[in-house]
Amino acid sequence: MRWSHYYIPTLREAPRDAEVPSHRLLVKAGFIRKVASGIYDGLPLGLRTIRKVENIIREEMNRAGAVEVSMPLTIPADLWKETGRWDAYGKELLRFKDRSDRWFCLGPTHEEVVVDLVRKDVRSYRDLPLIIYQIGPKFRDEIRPRFGLMRAREFSMKDAYSFDVDEKGLEDSYRRMFDAYVRIFKRCGLEFQPVEAETGAIGGHFSHEFMVIAETGEDLIMYCQKCGYAANRERAERRRENASVHEEQRPLEKVHTPGKRTVEEVSAFLKVDKNRLLKTLIYKVDSGSLVMAVTAGLREINENKLTRFLGAERVELATAEEIENLTGAPVGFAGPVNMEGKVRIVCDYSVAEVVNGVTGANEEDHHFVNVNPGRDFAVKELADIAFAVSGDRCPRCENGVLMEKRGIEVGHTFKLGTKYSEPMECCFLDEEGNSRPMIMGCYGIGVGRTMAAAVEQNHDKDGIIWPVPLAPFEAVVILLNPTYPAQREVAEKVYSSLSGEGVDVIIDDRNERPGVKFKDSDLIGFPFHVIVGRKASEGMVEVKVRRTGERQDIPFQECTLRLKSMIENEKTVRE
RNA sequence: CGGGGCGUAGCGCAGUGGUAGCGCACCCGCCUUGGGAGCGGGUGGUCGGCCGUUCGAAUCGGCUCGCCCCGACCA
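Fair warning: this is a prediction, and the values are worked out from it, not measured in the lab.

Undergrad: Quick one: what's the story with the sheet that holds strand S17 (residues 344-348), residue by residue and with numbers?
TA: Taking strand neighbours across the sheet as the criterion, the 5 strands line up as S16-S14-S15-S17-S20 in an open arrangement whose pairing is mixed. Single-partner strands in this sheet number two, and they are strand S16 (315-317) and strand S20 (381-383). For this sheet the average axis-to-axis angle between neighbouring strands, irrespective of direction, equals 35 degrees. Here S17 runs beside S20; their pairing, made up of 3 bridges, is parallel. Residue pairing in the sheet places Val346 in a bridge with Glu381 of S20. Its contacts with the sheet place helix H9 (residues 320-327) against strand S14 (278-285) and strand S15 (290-296), and it is angled at close to 110 degrees to S14.

Undergrad: Before we move on, could you go through the domain arrangement of chain A and cite the residues and values that matter?
TA: Taken domain by domain, chain A holds domain 1 (3-236 + 405-455), domain 2 (253-383) and domain 3 (473-571). For domain 1 and domain 3, the distance between their C-alpha centres works out to 37 Å. Taken together, the 13 residues of domain 1 in the interface contact 14 residues of domain 3. Between domain 1 and domain 3, the buried area comes to about 1,200 Å², and carbon and sulfur atoms account for 66% of it. Viewed at the interface, domain 3 and domain 1 are joined by 2 salt bridges. Arg48 is the partner of Asp504 in a salt bridge, and the nearest nitrogen-oxygen pair spans 3.2 Å. Viewed at the interface, domain 3 and domain 1 are joined by 6 residue pairs in polar contact (both at pLDDT 80 or more).

Undergrad: Got a sec to walk through helix H10 (residues 447-457)? Specific residues and values, please.
TA: When you tally the buried positions in H10, you get 10 out of 11 residues, the bulk of the element. Within H10, the full set of buried residues consists of Val447, Gly448, Thr450, Met451, Ala452, Ala453, Ala454, Val455, Glu456 and Gln457.

Undergrad: Report on the packing of aromatic side chains, specifying residues and quantitative values.
TA: Going through the model one piece at a time under the given rule, you end up with 13 aromatic pairs. Ring centres of Trp86 and Trp103 lie 6.2 Å apart, and the angle between their planes is 65 degrees; on these two criteria the pair is classed as edge-to-face. Taken together, the residues span a long stretch of sequence, with Trp86 in helix H4 (residues 85-88) and Trp103 in strand S6 (residues 103-106) at a distance of 17 residues. Ring geometry for Phe185 against Phe192: centres 5.7 Å apart, planes inclined by 50 degrees, an arrangement best described as tilted.

Undergrad: Run through the nonpolar core, naming residues and quoting values.
TA: Within the largest apolar cluster, 62 residues are counted, with the highest numbers of intra-cluster contacts made by Leu26, Phe31, Met61, Ile184, Phe185 and Trp466. Looking at which domains feed residues into this core, each of domain 1 (3-236 + 405-455) and domain 3 (473-571) gives three or more. Setting aside residues up to four positions removed in sequence, Met61 forms contacts with Ala66, Tyr133, Lys158, Ala160, Met177, Ala180, Tyr181 and Ile184. Counting residues in each nonpolar core, the second largest holds 27 residues, with Ala77, Trp80, Tyr161 and Met424 among its members.

Undergrad: Account for the side chain of Arg140, naming residues and giving values.
TA: You can see Arg140 is positioned in the loop between strand S7 (130-139) and strand S8 (154-164). Although Arg140 is buried, it makes no salt bridge; Glu92 carries the closest opposite charge, 4.7 Å away. In terms of polar contacts, Arg140 uses its side chain to reach the backbone carbonyl oxygen of Pro108, at 2.7 Å. Sequence-distant contacts of Arg140, that is, excluding residues within four places in its chain, are made with Glu92, Pro108, Thr109, Arg153, Phe155 and Met157.

Undergrad: Please give an account of empty space enclosed by the protein that cites residues and values.
TA: Taken as a whole and judged by the stated rule, the model has 1 cavity of 30 Å³ or more. Estimates place the volume of the largest cavity at around 50 Å³. Surrounding the largest cavity, Met150, Glu218, Asp219, Gly407, Ile408, Glu409 and Arg449 form its lining. Per element, the largest residue contribution to the lining of the largest cavity is 3 residues, and it comes from strand S21 (residues 402-417). Split by residue class, the lining of the largest cavity holds 2 nonpolar, 1 polar and 4 charged.

Undergrad: Break down the packing of helix H2 (residues 44-63) against H10 for me, citing the residues and quoting the values.
TA: At a minimum axis distance of 9 Å, the contact between H2 and H10 shows a crossing angle of 110 degrees. The orientation of H2 with respect to H10, classified from their angle, is roughly perpendicular. In terms of crossing hand, the pair formed by H2 and H10 is right-handed. Residues Gly46, Thr49, Ile50, Val53, Glu54 and Ile57 of H2 form the contact with H10, whose participating residues are Val447, Gly448, Thr450 and Met451. Of the residues in the contact of H2 with H10, the class split is 5 nonpolar, 4 polar and 1 charged.

Undergrad: Let's hear about the sheet that holds strand S4 (residues 74-76): which residues, and what values?
TA: Strands in a sheet are paired, the pairing made by backbone hydrogen bonds, and the direction either parallel or antiparallel. Taking strand neighbours across the sheet as the criterion, the 3 strands line up as S4-S6-S5 in an open arrangement whose pairing is antiparallel. Both edges of this open sheet fall to S4 and strand S5 (95-97), since each of them pairs with a single strand only. Strand-to-strand twist across the sheet, computed as the mean angle between neighbouring axes with direction ignored, equals 40 degrees.

Undergrad: Which residues make up the pattern of salt bridges, and what are the values?
TA: One pass over the full model with this rule turns up 56 salt bridges. A salt bridge links Glu492 to Arg2; the shortest N-O distance between them is 2.3 Å. Of this pair, Glu492 sits in helix H11 (residues 485-500) while Arg2 sits in the segment before helix H1 (21-28), and the two are 490 residues apart along the sequence. Judged by its relative accessible area of 22%, Glu492 is partly exposed. Between Glu501 and Lys564 there is a salt bridge; the shortest N-O distance is 3.0 Å. Linking Glu501 in the loop between H11 and strand S28 (505-508) with Lys564 in helix H13 (residues 559-571), this pair joins segments that are 63 residues apart in sequence. The class of Glu501 is partly exposed, set by a relative accessible area of 43%. Connected through shared salt-bridge partners, Arg238, Arg299, Lys305, Asp348, Asp384 and Asp392 make up one network.

Conventions and cut-offs
Residues numbered from 1 in each chain as written. Chains lettered and ligands numbered in written order. Predicted model: local features only at pLDDT ≥ 70, side-chain atom pairs only at ≥ 80, totals over all residues. Heavy atoms only, no water. Pairing = 2+ DSSP bridges. Helix = DSSP H or I, 4+ residues; strand = E, 2+ residues; numbered from the N terminus. Axes fitted to C-alpha atoms, helices over the stretch in contact; angles between N-to-C directions. Contact = heavy atoms within 4.5 Å. Domains from an automatic or database assignment. Buried area = accessible area lost by both parts, 1.4 Å probe. Salt bridge = Lys/Arg side-chain N within 4 Å of Asp/Glu carboxyl O. Polar contact = N/O pair within 3.5 Å; in protein donor to acceptor, adjacent residues only side chain to side chain. Buried < 20%, exposed > 50% of the residue type's maximum accessible area, 1.4 Å probe, protein only. Phe/Tyr/Trp six-rings, centres within 6.5 Å; stacked < 30°, edge-to-face > 60°. Core = buried A, V, L, I, M, F, W, Y, C linked by side-chain atoms within 4.5 Å. Lys, Arg positive; Asp, Glu negative; His and termini not counted. 1 Å grid on protein atoms, 1.4 Å probe; cavity = no way out; pocket = protein on both sides within 12 Å on 5 of 7 lines; lining within 4 Å. Points joined across faces, edges and corners; volume = space filled by probe spheres on them. Nonpolar A, V, L, I, M, F, W, Y, C, P; charged D, E, K, R; others polar. Parallel < 35°, antiparallel > 145°, perpendicular 65-115°, else oblique. Left-handed = near helix turned anticlockwise from the far one by under 90°.

Here it is in structure tokens:
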């Protein structure tokens, strides 16, 4: 490719609305342009990188035995009504009518469509297992699109769906997809980590997220260095601490705490450590009965964990009125003492560590001090219902300690079971001739988000540093001064030799000053730069490695061989 | 949806009531060619939109649209 004939509109200054590095750099370097909030044009460089991500995904999906199809972005409402998601999905689903007044939506995900496809044509256990995938646009009318491609409304996604005869088959398909994901992100040259995750609204009972590790990630990952356990903070479990506080229990006492409601206020007022407080939250379970959830002052209740522990569908904080009815005191003065028999009380592990603690007295402007769990209230249900934090004990190994880091979710794998196949009657006949719903899994990868994540993870003050497998061009030949025949000749030779050997190369043949060319190539982040300058007359060119800044003068004839081996080396997947 | 901020030339910005400006980019010429050069000359804006106040509005008031950030929310 010749730069002078190409379309790479780089900007000297990035638009003010771009804040995170990936957004700023992708716009500045001429990869994307915004059309509307969360909706982008892909410019030639951006498209090339997107295609590289897609091709890696495609190759690995095919290798794993998945088959590619294409499904429509526009989906008739009828299909979504079959699973109930037409009403359940919320405003993220963009709904509209066609000219004859029929309802449609833009697909945010394609379970309904793929199930409809499969149920029409697949009848026998002999046709299973089957894994179908596509790579294409999705639309989600996000509440708040942000960070450029990281959370866009229209975006490209690879979504795969597996169909099996039983759980065991699903295990196998899931494993195949999981392994394919590991290969995909390795091949992309990204530092990533699969973590255990919540299943969320798509349903199912088991899930992994693939996180690209980056400071700017929206997700928090808890992990154990010792055994490798890793989970989204939403999901991360922890092990109960060994009791360590040895302090004599003092007699229970009620004290006046006028207007002191929060952990902050009470601990400051009574001059006690925040973790001595027993924070008490009242939840409504499945819109019915109330539950009291107690945790140490500095802990936060994890509603996912609470929900799972209770075996409930959902929990929500009780209203002020409900709290007052239950405890007889306004919000801020609830506590587990004297509540036995009146409400179900669930204590977090951290409660067991508290000695001579403080709780609300279920009476306006009063707290109890010297509260001792077990003595002053029964601890019947002690569970892990709080968020794990750095320093907590690993749930999977004896002496491991949890640490945290940030990540960007680029892939997600789910086991769905029969959540969609049953209501949509996607069934097969088994060996005995019985009709059974297929067991499904679904597996997504955000293509644009993977590109953005790669930038988040690979940039410096000068611009992007593409991992070789994702670079729009693997190398750039920078012809410093096109008016010098010697330079031009060497540059052209190097360029055609590289393209002849299958290297993705672009030649910067613009009539620009050297400074502009250097800045642009650094900004765009081509992994290897071949600089053809003043030593061209002696047959020498300079090879620069973008990531390290390392430069070396070599005879131009050696250039192709040298670059090819460096590129191959970078593209090799290290197991 | 709650809170905050911003809409003036392609990008970044200045301009608090009196005829719309700067830097970069862009076009022409000269000059220059190893890190976004220099000089000279140019093109380009219904100041997001509508309504109002005023002799006069980018500027004041109301409404509206768009965009960004924080939160809530989210396969």
